Amino acid sequence: QVQLVESGGGLVQPGGSLRLSCVASGRIFSVNEMAWYRQGPGTERELVAVITSSSTSSSITNYSDSAKGRFTISGDNAKNTVYLQMNSLKPEDTAVYFCRAVIQQRIYSAPVMYWGQGTQVSVSS
């Protein structure tokens, strides 16, 4: 089986920064894609950023409009880890942040989507 474990959440003042980490462990042949989602109080889960492995380049990243210019997603393939560097945090960034990964467990198996349990990010003065 595969497990995703997030860390790095916490309480930060507006304008501050946090770095989230998500480590995938278990039987892993390849990690095709990793992403960060968030779910604030009373809201639906929304995509924040995604990083996709590419055969023609190192990786491809995409961001939500609210994350562009403030958040940076990056990955360490050797460690099966994805990071989310969050700068200039705002109170509206308060949410539980979830890691999602699309993982191939064996060479000929179909990729499967996995979710972490989430880590709380609170932005408040």
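Let us look at the structure shown here. (Residues numbered from 1 in each chain as written. Predicted model: local features only at pLDDT ≥ 70, side-chain atom pairs only at ≥ 80, totals over all residues. Heavy atoms only, no water.)

**Some remarks on the sheet that holds strand S3 (residues 18-26)**
Reasoning step 1: Strand order in the open sheet formed by 4 strands is S1-S3-S8-S7, and the pairing between neighbours is antiparallel. Strands at the two margins of the open sheet, each flanked by one partner only, are strand S1 (2-7) and strand S7 (71-76). For this sheet, the mean inter-axis angle between neighbouring strands, taken without regard to orientation, is 15°.
Reasoning step 2: In this sheet, strand S8 (residues 81-86) lies alongside S3 in antiparallel orientation, the contact comprising 6 bridges. Its bridge partner being in S8, Leu-18 is matched across the sheet by Met-86. (Pairing = 2+ DSSP bridges. Helix = DSSP H or I, 4+ residues; strand = E, 2+ residues; numbered from the N terminus. Axes fitted to C-alpha atoms, helices over the stretch in contact; angles between N-to-C directions.)

**Details of unusual backbone geometry**
Residues other than glycine predominantly adopt negative phi, and peptide bonds predominantly adopt the trans conformation.
Reasoning step 1: Even without a glycine there, the phi angle at Asn-80 is positive, about 50°.
Reasoning step 2: Tracing the backbone shows Asn-80 in the loop between S7 and S8.
Reasoning step 3: Positive phi is not limited to glycine here, since Ser-88 has a value of about 50°.

**A short note on the packing of aromatic side chains**
Reasoning step 1: Under the defined criterion, the tally for this structure stands at 1 aromatic pair.
Reasoning step 2: Stacked on the ring of Tyr-83, the Lys or Arg Arg-19 has its end atom at 4.0 Å from the ring centre.
Reasoning step 3: Across the ring face of Trp-115, the terminal group of Arg-45 is positioned such that the distance to the ring centre comes to 4.7 Å. (Phe/Tyr/Trp six-rings, centres within 6.5 Å; stacked < 30°, edge-to-face > 60°. Lys NZ or Arg CZ within 6 Å of the ring centre and 35° of its normal.)

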